[in-house]
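# Notes for the structure review
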Amino acid sequence: MKREDLLTEVVGDITLEDIKGLDKYIELFNKIYGFSAEALYRGAKILKDMQKDADLRFISFTANLVSTGLRGLFADLIRNGYFNVVMTTGGTIDHDIARSCGGKYYKGSFDYDDNMLRELHIHRLGNILVPMESYGLVVERVVKNVVDEIVKEKKEWAGYELLWEFGKRINDPHSILKAAYEKKVPIIVPGIVDGSFGTNLFVRSQFTGLRLNLFEDMRVVKDLVFSCKKSGALIIGGGISKHHTIWWNQFKDGLDYTVYLTTAQEYDGSLSGAKPREAISWNKIREHSENVVIYGDATIILPILASALLS
């Protein structure tokens, strides 16, 4: 198979405008009720209650979703004020910069031969195809240009401040970094060095003296948690972004509103698969609070869930 035969359909982004009207189906899930339908209905209700009652609202998600059309929805949810703190992973920054600054991701298949893809210089992320020139080289170029510029102002940066500087220079309306900069929403990436963005920050630091102060990121989260009246979180996926969100909320006796959206199971004892009830035992979610876990693919569930916020 030729390269041009594979790279034909570009992955786009959806927005809140695209999901208008989906909220009318939420009540259908309450009627269906059985199994996952009930969890989806409860999740929608909790999100709406959280918007009314919680002054601190986290959205946590993993990087794989940013390679899909959900990237634009994340940006819109931030831009429209539904969430005021973002917790995510290093790959989110990679994909957002790559797709905002010239890189194109394409529709593919889980079943493609990966040996063939390697020979054609194409990365595969599930059924998303990422040409090599759309990823690493783009991130490397952008990081070099921005870091070489901002170190003239100062050498030491908090992670969230650094990400605002990148967002300030992005012109793509579907960019998560751009939306966060515009609304001054901190993006907290506890594993920021894990990925192309972090590696390139390190490389440029060797030439420019750039220093990354992640304690400042922790201070910002600490201040927000300690000063809020109530907190809530929409946590999509697991890993470090999920844990960092619930970890900090234990210091205020736990989240008041929590929605987990995941495909992970709890049988192996992992944090990613742990249900809200386990977090209650750690004081990370408040006892008798509103919480639910929804099992399903976020690319299907999240647009429906987010539409509830528009009603």
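For the structure given in this document, a descriptive report is provided here. Given the structure is predicted, the values throughout are model-derived calculations rather than measurements. (Residues numbered from 1 in each chain as written. Predicted model: local features only at pLDDT ≥ 70, side-chain atom pairs only at ≥ 80, totals over all residues. Heavy atoms only, no water.)

### Comments concerning the sheet that holds strand β10 (residues 255-262)
Definition in use: Two strands pair if DSSP finds at least two bridges between them. Secondary structure follows DSSP: runs of H or I at least 4 residues long count as helices, runs of E at least 2 residues long count as strands, and numbering of each begins at the N terminus.
On the basis of which strands lie adjacent, the open sheet formed by six strands has the order β7-β2-β1-β9-β10-β11 and parallel pairing. A strand with exactly one partner marks an edge of an open sheet, and here the two such strands are β7 (187-188) and β11 (285-295). Across five bridges, strand β1 (residues 56-60) lies against strand β9 (residues 231-236) in parallel orientation. Paired with Leu 56 across the strands is Ser 231, a residue of β9.

### Describing the pattern of salt bridges
Our working rule: In the sections that follow, a salt bridge refers to a side-chain nitrogen of Lys or Arg positioned within 4 Å of a carboxyl oxygen of Asp or Glu. Note on exposure labels: buried denotes an accessible area under 20% of the residue type's maximum, exposed denotes more than 50%, and partly exposed covers the range between, all computed with a 1.4 Å probe on protein chains only.
Taken as a whole, this structure holds 29 salt bridges when the rule is applied. One salt bridge in this structure joins Asp 148 and Lys 144, with 3.3 Å as the shortest N-O distance. Of this pair, Asp 148 and Lys 144 both sit in helix α7 (residues 136-150), four residues apart, which is roughly one turn of that helix. Overall, the relative accessible area of 37% leaves Lys 144 in the partly exposed class. Beyond isolated ion pairs, a larger network of salt bridges with shared partners links Asp 13, Arg 71, Asp 96, Arg 99 and Asp 172.

### Focus on the nonpolar core
Selection criterion: The set of buried Ala, Val, Leu, Ile, Met, Phe, Trp, Tyr and Cys residues whose side-chain atoms join them within 4.5 Å is what this entry labels a nonpolar core. Residue contacts are defined here by distance: any two heavy atoms, one from each residue, within 4.5 Å place the two residues in contact.
By size, the foremost hydrophobic cluster in this structure holds 90 residues, and its most contacted members are Phe 166 and Phe 197. The element that contributes the greatest number of residues to this core is α7, accounting for seven residues. Those residues within four positions of Phe 166 in sequence are excluded, and the remaining contacts are Ile 97, Val 142, Val 143, Val 146, Val 147, Leu 177 and Phe 197. Judged by nonpolar contacts, the second largest core, of seven residues, contains Leu 6, Tyr 106, Leu 120 and Ile 122.

### A word on the sheet that holds strand β5 (residues 128-131)
The sheet built from three strands is open, its strands ordered β3-β5-β4 with antiparallel pairing. Each edge of the open sheet is held by one strand with a lone partner, namely β3 (106-107) and β4 (122-125). In the sheet, β3 pairs with β5 via two bridges, with the strands oriented antiparallel. In the strand pairing of β5, Lys 107 is matched with Ile 128.

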